[in-house]
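So the chains spell out like this:
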Amino acid sequence: MALTQAGSSGDHWSSRTAFILAAVGAAVGLGNIWRFPTLAGENGGGAFVLVYIGFVILLGLPLVLSEILLGRAGGTDAIGSVEKVAEQSRRSRNWKGIGALQITAGFLILSFYSVVAGWVINYVLISGQDWLAALFSGAPFAPAFAGENQGTITGRMSELFASPWRLIGLHGIFMVATVWIVASGVHNGIERAAKWLMPAFFILLIIVTVYGAFTGNFAEAVAFMFTPDFSQLNPIALNEALGQALFSLSLAAGGLLTYGAYITRDVNLASTAVMIAMMDTGVAIIAGLMIFPIVFAVGLDPASGPALIFQSLPVAFNSMPAGALVGFVFFILIFFAALTSSISLLEGPTAWVIDRFRIVRPLAAIMVGSVAFLIGVICALGYNVWADVRPLGFWNAFAQNDILDALDGVTGKIMLPLGAFLVSIFIGWMADRRLVQQQTGLSNGMFAVWRFLVAWVCPIAVGLVLLFGLVPGLLGS
Ligand code: PHE
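Residues numbered from 1 in each chain as written. Predicted model: local features only at pLDDT ≥ 70, side-chain atom pairs only at ≥ 80, totals over all residues. Heavy atoms only, no water.

Novice: Could you clarify how one ought to interpret the overall build of the protein chain in this entry?
Specialist: When its secondary structure is counted, the protein chain shows 19 helices and zero strands. Here the protein chain has a C-alpha radius of gyration of 22 Å; the compact-globule value for 477 residues is 23 Å, and the two agree. Considered along the principal axes of its C-alpha atoms, the protein chain spans approximately 70 × 55 × 45 Å. Burial analysis of the protein chain (477 residues in total) assigns 62% to the buried set. Counted over contacts in the protein chain with a minimum sequence separation of 6, partners at least 24 positions apart contribute 82%. Here the protein chain has roughly 17,700 Å² of accessible surface; of this, 68% comes from carbon and sulfur atoms. If the 21 positive side-chain charges of the protein chain are averaged to one point and the 23 negative ones to another, these points end up 14 Å apart. (Helix = DSSP H or I, 4+ residues; strand = E, 2+ residues; numbered from the N terminus. Rg over C-alpha atoms; globule rule 2.2 N^0.38 Å. Buried < 20%, exposed > 50% of the residue type's maximum accessible area, 1.4 Å probe, protein only. Contact = heavy atoms within 4.5 Å. Areas by Shrake-Rupley, 256 points an atom, 1.4 Å probe, with all protein chains shown as cover. Lys, Arg positive; Asp, Glu negative; His and termini not counted. Charge placed at Lys NZ, Arg CZ, Asp CG, Glu CD.)

Written as structure tokens, this is what we have:
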């Protein structure tokens, strides 16, 4: 393991491609494959997808550019970078609070993200075992869980939830893997992981999507995802779509700010931001086109919520040719995606701890990872020991949420929008205009368009969505 000394400032990506892979790795994760299809399914499909894409283009893309440029201009951890740009722009140093908010959000997301990634590991193990059994009995292309009924298959999720030790153990394994990579450094850890895992991820994604297109109900899936029914939209769905756009692009969680600091001066940030946003959105849509044909093929409910990929899909694989093998491949693919995202969630707080307390990277990563692990344990216990706990029961918008959902809700619906709002105000109005334009590499005309989006469209849209999405929930209407 390379002991990269007092970390963030000295480390750099070895090339633009390396940065793009790492940033796309950060962006593409459980958000694309678990959260996006779940939300699209619950919110009626087409209209939600359309609004989501609108948010990505009008808000997400300008914000991705804002954050990576802020990171590169500052050149250090998320808090330090905002502080430095504030100073250079002769503004109050307190703007560094944006960095603090973002790092906190990323840290909290990491704690529950790792628990969900633990479920993924559980399904890698179960489906791997199932496929190996099929293989050794001479039927490598058997359907998944041959001979079992639906109840037994979906029951595996409840079994997992009922076992605190299994949940915590798998969450722990995932956190250790994340800490290991981040501890190994920007170059030897994060970059190397992205270089191997992302191409593997893309290949597996294409395989499963093509499989779904041929064996599943592709036409119905396309109709579901691309025929908008606007009666399905309400302020809560809008809030959900915005939170999802920010979450999926890894915005406002310290990851992009921190990764931005490792980009060398010669890289054109605008085109890089476009690339990241396009790849991330592309993968979300492909994930929908991978999952819904399979869901519809066996007549399952697209609105089955977070259980969609863990319960519905294994049932579908049970009645599809080669389901055992494809199921196994499917969960490995999600595992890779989750890992390249969780390392970016851990990197934000870790870089800050390295700079703030002047300790070596491995120690910082272990410290942050341990605390996040403990918070994740509380989330895991929310499925069994504390199953009745509703931490935000008083707040209508979150009343039904168990511990993990509550943390997901508060970060996704409040902290991320708030963080994005503040970034747009800071970059749009506070930061030195020349410094900003120079970082973006945009021509005057394009810069004016981009600045209009950042300074006006982002704060107004995010502000409205925050207001209408949350206040009615708070008031109990
Ligand atoms: N974008 C990641 C996903 O879609 C999650 C994430 C959020 C990662 C914020 C880093 C920062 O799964």
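Novice: What is the right way to look at the nonpolar core in this model?
Specialist: Of all hydrophobic cores here, the largest spans 179 residues; its most connected members are Trp 13, Ile 33, Trp 119, Phe 310 and Phe 330. With residues near it in sequence (within four places) discarded, Phe 330 still touches Ile 33, Val 208, Met 290, Ile 291, Ile 309, Leu 313 and Phe 317. (Core = buried A, V, L, I, M, F, W, Y, C linked by side-chain atoms within 4.5 Å.)

Novice: Help me understand helix α17 (residues 403–430) in this model?
Specialist: The periodicity of an α-helix, 3.6 residues per turn, causes residues three or four positions apart to be oriented the same way. Its maximal kink placed at Met 415, α17 deviates by approximately 30°, while the proline Pro 417 follows within four residues. Counting buried residues in α17 gives 21 out of 28 residues, a clear majority hidden from the surface. Sitting at the head of α17, Asp 402 places a side-chain oxygen 3.2 Å from the backbone nitrogen of Leu 404. (Bend = angle between axes of the 7 residues up to and from the residue. Polar contact = N/O pair within 3.5 Å; in protein donor to acceptor, adjacent residues only side chain to side chain.)

Novice: Help me understand the site of the ligand in this model?
Specialist: As a matter of local geometry, the ligand sits amid 14 residues, with Ala 27, Gly 31, Tyr 113, Phe 247 and Ser 250 nearest to it. Leu 30 is positioned such that a nitrogen or oxygen atom in its backbone is 3.1 Å from an oxygen atom of the ligand. At 2.8 Å, a backbone N or O of Gly 31 approaches an oxygen atom of the ligand. Listing elements by their share of the shell around the ligand, those giving two or more residues are α2 (16–27), α3 (30–42), α11 (235–248) and α15 (323–357). (Near = heavy atom within 4 Å.)

Novice: What should I look at first to understand the environment of Leu 233 in this one?
Specialist: Among the structural elements, Leu 233 can be located in the loop between α10 (218–226) and α11. Overall, Leu 233 belongs to the partly exposed group, its relative accessible area being 24%. Taking the C-alpha atoms as reference, Leu 233 lies 42 Å from Trp 180; in sequence the two are 53 residues apart. Leave out the neighbours within four places in its chain, and Leu 233 touches Ala 47, Phe 48 and Val 51.

Novice: Just to check I follow, could you spell out the packing of α3 against helix α14 (residues 308–318) for this structure?
Specialist: How two helices pack is summed up by the angle between their axes together with the distance between the axes. Between α3 and α14, whose axes approach to 10 Å, the crossing angle comes to 85°. Relative to α14, the element α3 is oriented roughly perpendicular. Facing Ile 33, Trp 34, Pro 37 and Thr 38 of α3, the residues of α14 in contact are Leu 308, Ile 309 and Phe 310. Here the contact of α3 with α14 is composed, by residue class, of six nonpolar, one polar and no charged. (Axes fitted to C-alpha atoms, helices over the stretch in contact; angles between N-to-C directions. Parallel < 35°, antiparallel > 145°, perpendicular 65-115°, else oblique. Nonpolar A, V, L, I, M, F, W, Y, C, P; charged D, E, K, R; others polar.)

Novice: Please clarify how the packing of aromatic side chains should be interpreted in this entry.
Specialist: Ring pairs (aromatic) are described by centroid distance and by the angle formed between their planes. For the structure shown, the criterion picks out 28 aromatic pairs. Measuring from centroid to centroid gives 6.1 Å for Phe 174 and Phe 335, while their planes differ by 75°, and the two rings are edge-to-face. Taken as a pair, Phe 174 in helix α8 (residues 164–183) and Phe 335 in helix α15 lie far apart in primary sequence, 161 residues in all. Under the relative-accessibility criterion, Phe 174 is labelled buried at 0%. Ring plane angle 50° and centroid distance 6.2 Å describe the contact between Phe 335 and Phe 336, whose orientation is recorded as tilted. A residue is classified by how much of its surface remains accessible, and Phe 336, at 18% relative accessible area, is buried. Directly above the aromatic system of Phe 357 lies the positively charged group of Arg 356, at a separation of 5.1 Å from the ring centroid. (Phe/Tyr/Trp six-rings, centres within 6.5 Å; stacked < 30°, edge-to-face > 60°. Lys NZ or Arg CZ within 6 Å of the ring centre and 35° of its normal.)

Novice: Is there a simple way to explain α3 in this structure?
Specialist: In this model, α3 (13 residues) spans 17 Å end to end at C-alpha, consistent with the 18 Å of a helix rising 1.5 Å per residue. Of all the bends in α3, the greatest reaches close to 30° and is centred on Phe 36; the proline Pro 37 follows between one and four positions later. The element α3 is extensively covered by neighbouring structure, given that 12 of its 13 residues are classed as buried. For α3, the set of buried residues is Leu 30, Gly 31, Asn 32, Ile 33, Trp 34, Arg 35, Phe 36, Pro 37, Thr 38, Leu 39, Ala 40 and Gly 41. Where α3 ends, the next residue or the one after it, Gly 44, has phi of about 85°, a positive value. (Expected span 1.5 Å × (residues − 1).)

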